[in-house]
Amino acid sequence: MQWETVIGLEIHAQLATKSKIFSGASTAYGAEPNTQACLVDLGYPGVLPVLNREVVVMAARFGMAVDATVAPRSIFARKNYFYPDLPKGYQISQFELPIVEGGHIDLTLEDGKVKRIGITRAHLEEDAGKSMHENMEGKTGIDLNRAGTPLLEIVSEPELSSAKEAVNYMRRMHQLVRYLGISDGNMQEGSFRCDANISVRPKGQAELGTRAELKNLNSFRFIEKAINFEVERQIELIEDGGKVVQETRLYDSAKDETRPMRSKEEANDYRYFPDPDLLPVEISEEFLSAVRDAMPELPQAKAERFAEQYGLKPADIEVLTGSRATADFFEAVVADLGEAKLAANWVSGELGGALNRDNLDIADSKVSARALAGLLKRIHDNTISGKIAKDVFAAMWDEGGDADSIIESKGLKQITDSGELEALVDKVIADNPEQVEQFRAGKDKVLGFFVGQIMKATQGKANPGQINQILRDKLSA
Amino acid sequence: MTLSREDIEYIAHLARLEVSKSDVPAYVDKLGRIIEFIDELGQADTADIVPMAHPLDMSQRLRPDEVTEGDDRDRFQANAPETEKGLYVVPRVVE
Amino acid sequence: MTQRLTIAEQSRLLRSGEASSRELTQTSLDRIALHDEALNAFIEVTPEHALTAAKAADQRRKEGNGGALTGVPMAHKDIFCTRDIRTTCASRMLEDFVAPYDATVVERLASAGMVSVGKTNMDEFAMGSSNETSYFGPVKNPWDHAKSPGGSSGGSAAAVAAGLVAMATGTDTGGSVRQPAALCGITGFKPTYGRVSRYGIIAFASSLDQAGVLALSAEDVALVTQVMAGFDERDSTSSPAEVPDYLATLEASVSGKTIGVPREYFDEGLDPAYAEAVNAALDVYRQMGAAVREVSLPNLSLAVPTYYVVCPAEASSNLSRYDGVRFGHRADNIDDLESLYKRSRTEGFGDEVKRRIMTGTYVLSAGYYDAYYLQAQKVRQLISDDLQRCFEQVDILAGPTTPTTAFGIGEKVDDPVQMYLNDIYTVSVNLAGLPGISIPCGMVDGLPAGLQLVGPHFAEASVLNFAHLYQKETDWHQRQPGQS
């Protein structure tokens with residue numbers, strides 16, 4: 001029996017606003033419990049929700065970026081259920097008329113083909129609080145700081161056919177929300193969460209199989225494993241004569257397995273109805289124009305432009321356009337330096353390596369774009385070699401300072417004076433008669449030995465290009 | 001339209017209310033009468049009517065994205081039945 | 001009973017220096033001490049708070065900063081959150097609840113210098129039309145202690161009718177200010193939905209709730225509404241429409257204006273003697289030069305069922321926050337989450353509240369939403385359209401506020417539908433969000449009858465104008481219990 005996998009993803013992206021969706025409490029991460037939960041967030045008697053403008057702007061920006069329809073009129077609805085992290089006993093969400101409908105995102109598959117994944121809808125809702133179980137003496141503690149944080153729930157069509165495609169989609173979405181500046185996409189802090197609806201069916205069957213929902217897939221590392229496990233589980237279950245139960249499951253990364261979660265609302269009757277405390281959200285053409293005008297260049301467009309403008313390889317472009325911050329950094333270096341290839345090598349190479357090693361975002365880079373450009377200029381104008389430049393970079397990273405002062409203070413200037421270089425070549429030829437014989441006998445590789453010797457003698461400061469040329473001239477004479 | 005005992009128990013559960021066995025008949029009776037009363041709505045011809053979203057023809061006002069609330073935890077938690085280390089305490093919730 | 005003083009009268013005394021706020025407040029407190037045991041109109045009396053506010057008001061007047069309301073004693077329905085003073089909503093669920101903030105209405109009236117002497121009794125969570133569902137016992141009608149004062153703002157109505165305070169705030173979701181005003185022989189006003197902020201009012205049915213005023217005259221109501229009304233950024237349903245000067249137009253002539261009387265109001269449910277009183281009131285307007293004509297509200301019979309779908313649906317959701325976790329009643333000896341919720345809520349809520357939560361949950365539940373809630377919102381539009389159509393032909397609508405005068409306490413508790421039918425004349429006004437007032441227009445067998453006037457959206461000035469002119473020509477609003 002051949003099986004087909006059908007996956008739909010629901011992504012909850014926490015919108016990067018300063019205050020909550022319906023109250024003026026802060027959304028900053030990491031505060032002491034319940035110090036960022038105001039009366040509205042606590043669901044106190046008598047208080048009322050008021051909508052944050054920025055949340056609407058961000059949702060509209062997202063809608064435009066994925067070619068969706070931004071609804072001119074959308075409604076907030078109450079999703080009613082009881083749970084301790086849900087203070088009002090209902091979540092304010094959107095049901096029948098969401099703010100964004102339709103749209104799509106294009107994935108580049110491993111074989112280079114492009115697959116378009118449809119987006120069903122994206123809607124706004126408030127986040128719930130958090131439950132703490134540890135050190136609570138058999139009870140549960142509730143922290144409502146997170147209650148009321150704005151979320152954009154993005155629902156894909158069930159058009160993903162494998163775990164790999166699912167991860168691909170997630171990565172694209174993750175990149176997009178960060179590009180748009182609507183979410184910081186920090187999965188460890190919970191600002192980018194993913195649930196997967198997974199089902200299997202015999203190949204060729206039109207009808208969808210029963211789906212199970214995998215909740216809170218919060219790490220790219222585990223998503224592929226979790227989905228693969230679940231697909232296998234379902235196939236095995238059906239092949240053994242069983243039936244897939246529609247339920248919610250959690251992935252246990254330690255055991256690499258999924259298991260059923262105790263349901264939040266067993267009866268699952270959310271009794272949705274339009275929230276009477278909020279009025280219909282109306283979005284005008286003017287509003288949309290303003291959002292359109294402020295739209296940043298999107299990853300796809302930027303990649304295309306980089307290819308055309310800078311002639312870079314796809315692999316390099318992928319790295320350099322990974323985030324808007326990286327792309328901006330790169331372009332700042334290019335603007336200063338006047339050249340792209342060297343900049344590309346260094347931003348993805350040395351700089352990228354240093355950022356990874358120190359676990360920093362490019363925004364916190366210890367070497368600025370300007371400083372890097374300054375260093376690369378010295379390679380260009382032959383003041384230092386590429387190899388020496390790496391040492392200078394390391395010094396700039398660890399100790400600070402600009403390239404010129406480090407080159408100066410450490411005396412790293414390349415030796416380019418022909419007279420000096422000729423003298424060095426003469427010396428090395430004189431000191432190594434055997435190798436001279438070998439070269440003249442046809443062993444071209446021995447040239448490297450001479451270059452190496454000169455580099456050793458000059459602590460790498462001799463210009464290798466010139467040395468090479470002078471050696472050839474002298475040895476062929 | 002008569003409500004059954006199961007109906008009453010189900011609705012009560014959704015609303016997190018307890019209805020004792022002895023109270024069920026009273027609920028069946030009174031709720032039944034209310035439901036019968038509101039069933040009259042079915043007579044109205046509402047084929048082309050758009051349901052009322054709001055008594056006034058207004059749209060949602062948008063507030064600027066600013067932090068206007070500080071930390072008032074102690075004052076608010078003075079009303080809480082049980083707290084610990086700043087958390088609201090409930091019986092263990094199994095996930 | 002000594003003669004009741006209106007706000008306008010007390011204001012004059014304060015302005016001229018003939019009385020101080022301290023004295024007026026003490027008088028109010030003394031009257032409460034004397035009469036409230038029998039009436040049970042108050043859940044909480046706050047003498048210390050009141051006298052402190054009175055002192056400040058006197059100081060303010062001395063400095064020349066007093067306004068019309070400065071120093072006048074009043075009371076708040078116990079549904080308005082008052083900082084540092086218990087707000088119970090007449091429920092065991094909030095028996096010890098102290099809100100950490102003031103409702104906007106409370107803030108505004110305090111800023112104007114009004115002196116609150118306490119929180120008045122009401123039907124539990126505003127669910128009722130007789131003030132019999134209160135956890136703190138029923139309120140008695142000052143005209144006859146065996147009768148109900150109406151509800152849910154029964155305590156406020158009784159307090160004003162009995163002369164304990166000249167004004168009390170109320171809330172009106174289906175008639176809860178107008179109906180008790182009618183049954184207690186006073187003036188009760190509900191402004192247009194969105195005219196007064198709902199911030200700080202413990203929510204019952206969000207799309208219907210509106211703060212209102214119970215007082216002794218339309219003039220007094222105008223004085224208070226002037227301060228209460230206006231945009232509040234904390235309430236998304238608050239209207240930014242400008243607040244006109246209600247006093248400036250109080251005396252305007254209504255000659256040439258047209259009053260519409262819905263023929264569906266005068267059916268078998270209406271007491272004939274009551275109908276007579278209403279008709280006599282219409283004659284008074286004819287004498288002023290206003291025309292009276294018949295109009296039709298063809299969907300009136302659906303108003304009460306519509307209300308009793310929309311209202312409990314919204315209420316059932318609004319009351320989900322009462323779960324024993326962050327505030328309010330929590331049951332003892334609970335071992336698990338389910339028990340926490342079920343026992344706390346079952347113990348905390350009274351029967352009528354539970355019944356409405358159940359009804360609301362039912363009409364929103366899967367399989368029933370379309371037939372009930374959605375249908376009700378459509379019928380609501382029909383009812384609202386009916387009313388709008390009337391206003392294309394008339395300036396104001398008039399009719400009885402209630403089908404009968406005050407009924408006996410205990411008379412209607414067994415049949416919920418019987419109780420609901422009390423609201424027949426008042427609920428459409430809430431469904432459409434219109435402003436409405438009830439003013440005393442006669443006596444039937446020693447009990448007051450009320451005339452209801454309803455205007456188009458934001459026509460508060462017109463409604464108050466019509467009401468005030470009637471009160472200049474008649475003295476029903478000056479009749480007090482205990483006199484004739």
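The model shown is predicted, which means the values in this text are computed figures rather than measured ones.

Novice: Got a sec to walk through the packing of aromatic side chains? Specific residues and values, please.
Specialist: Counted by the stated rule, this structure contains 32 aromatic pairs over all chains. One aromatic cluster in this structure is built from Tyr44(A), Phe76(B), Phe97(C), Phe125(C), Tyr322(C), Phe327(C) and Phe349(C). If you follow Lys79(A) out to its NZ or CZ, it ends over the ring of Tyr270(A), 4.4 Å from the centre.

Novice: Summarise the nonpolar core; cite the residues concerned and give the values.
Specialist: Counting 172 residues, the largest nonpolar core has Phe125(C), Tyr285(C) and Leu453(C) as its most contacted members. Examining the composition of this core, we find that nine residues originate from one element, helix H9 (residues 303-318) of chain C, more than from any other. Not counting residues within four places of it along the chain, the set of residues in contact with Tyr285(C) comprises Ile259(C), Ala290(C), Ile439(C), Leu451(C), Leu453(C), Phe466(C), Ala467(C) and Tyr470(C). Ranked by size, the runner-up nonpolar core spans 66 residues in total, among them Val56(A), Val70(A), Leu217(A) and Ile283(A).

Novice: Give me the lowdown on the sheet that holds strand E11 (residues 139-143) of chain A, citing residues and values where you can.
Specialist: A sheet is described by the order of its strands in space; here four strands give the open sequence E10(A)-E11(A)-E3(B)-E2(B), paired in antiparallel fashion. This sheet does not close on itself; its edge strands, each paired only once, are strand E10 (130-132) of chain A together with strand E2 (83-84) of chain B. Bridge count between E10(A) and E11(A): three bridges; the pairing is antiparallel. Note on E11(A): the bridge partner recorded for Met132(A) is Gly141(A).

Novice: Could you give me a rundown of the sheet that holds strand E17 (residues 273-274) of chain A, with the residues and numbers involved?
Specialist: Residues and elements named next belong to chain A. One open sheet holds the three strands; their spatial order is E6-E5-E17, and the pairing between them is antiparallel. Pairing within the sheet leaves two strands with one partner each, and these edge strands are strand E6 (90-93) and E17. Sheet topology note: the strand E5 (residues 77-80)/E17 ladder contains two bridges and is antiparallel. Across the sheet, residue Ala77 finds its bridge partner in E17, namely Pro274.

Novice: Mind laying out the packing of helix H2 (residues 24-38) of chain B against helix H11 (residues 351-364) of chain C, listing which residues take part and the relevant values?
Specialist: As a packed pair, H2(B) and H11(C) sit with axes 11 Å apart at the nearest point and diverge in direction by 50°. The orientation of H2(B) relative to H11(C) falls into the category oblique. Crossing angle aside, the handedness with which H2(B) passes H11(C) is right-handed. Facing H2(B), whose interface residues are Tyr27(B), Lys30(B), Leu31(B), Ile34(B), Ile35(B) and Ile38(B), H11(C) presents Asp351(C), Lys354(C), Arg355(C), Met358(C), Thr359(C), Tyr362(C) and Val363(C). Residue composition of the contact of H2(B) with H11(C), by class: eight nonpolar, one polar and four charged.

Novice: Describe in detail the interface of chain C and chain A, supporting the description with residues and values.
Specialist: With 37 residues of chain C at the contact, the number on the chain A side is 30 residues. Approximately 2,800 Å² of surface area, both sides summed, lies buried where chain C meets chain A, with 60% of it carried by carbon and sulfur atoms. Three residues stand out in chain C for area buried against chain A, namely Ser236(C), Arg321(C) and Arg326(C), and they jointly supply 22% of the buried area on that side. Applying the counting criterion to the chain C and chain A interface returns one salt bridge. Residue Asp277(A) pairs with Arg198(C) through a salt bridge whose shortest N-O separation is 2.9 Å. At the junction of chain C and chain A, the tally comes to 15 residue pairs in polar contact (both at pLDDT 80 or more). Going through the elements one at a time, H9, helix H10 (337-348) and H11 of chain C are the ones with two or more residues in the side of chain C that touches chain A. Per-element accounting of the side of chain C that touches chain A gives the leading share, four residues, to H9(C). Partitioned by chemical class, the residues of the side of chain C that touches chain A number 18 nonpolar, ten polar and nine charged.

Calculation notes
Residues numbered from 1 in each chain as written. Chains lettered and ligands numbered in written order. Predicted model: local features only at pLDDT ≥ 70, side-chain atom pairs only at ≥ 80, totals over all residues. Heavy atoms only, no water. Phe/Tyr/Trp six-rings, centres within 6.5 Å; stacked < 30°, edge-to-face > 60°. Lys NZ or Arg CZ within 6 Å of the ring centre and 35° of its normal. Core = buried A, V, L, I, M, F, W, Y, C linked by side-chain atoms within 4.5 Å. Buried < 20%, exposed > 50% of the residue type's maximum accessible area, 1.4 Å probe, protein only. Helix = DSSP H or I, 4+ residues; strand = E, 2+ residues; numbered from the N terminus. Contact = heavy atoms within 4.5 Å. Pairing = 2+ DSSP bridges. Axes fitted to C-alpha atoms, helices over the stretch in contact; angles between N-to-C directions. Parallel < 35°, antiparallel > 145°, perpendicular 65-115°, else oblique. Left-handed = near helix turned anticlockwise from the far one by under 90°. Nonpolar A, V, L, I, M, F, W, Y, C, P; charged D, E, K, R; others polar. Buried area = accessible area lost by both parts, 1.4 Å probe. Salt bridge = Lys/Arg side-chain N within 4 Å of Asp/Glu carboxyl O. Polar contact = N/O pair within 3.5 Å; in protein donor to acceptor, adjacent residues only side chain to side chain.

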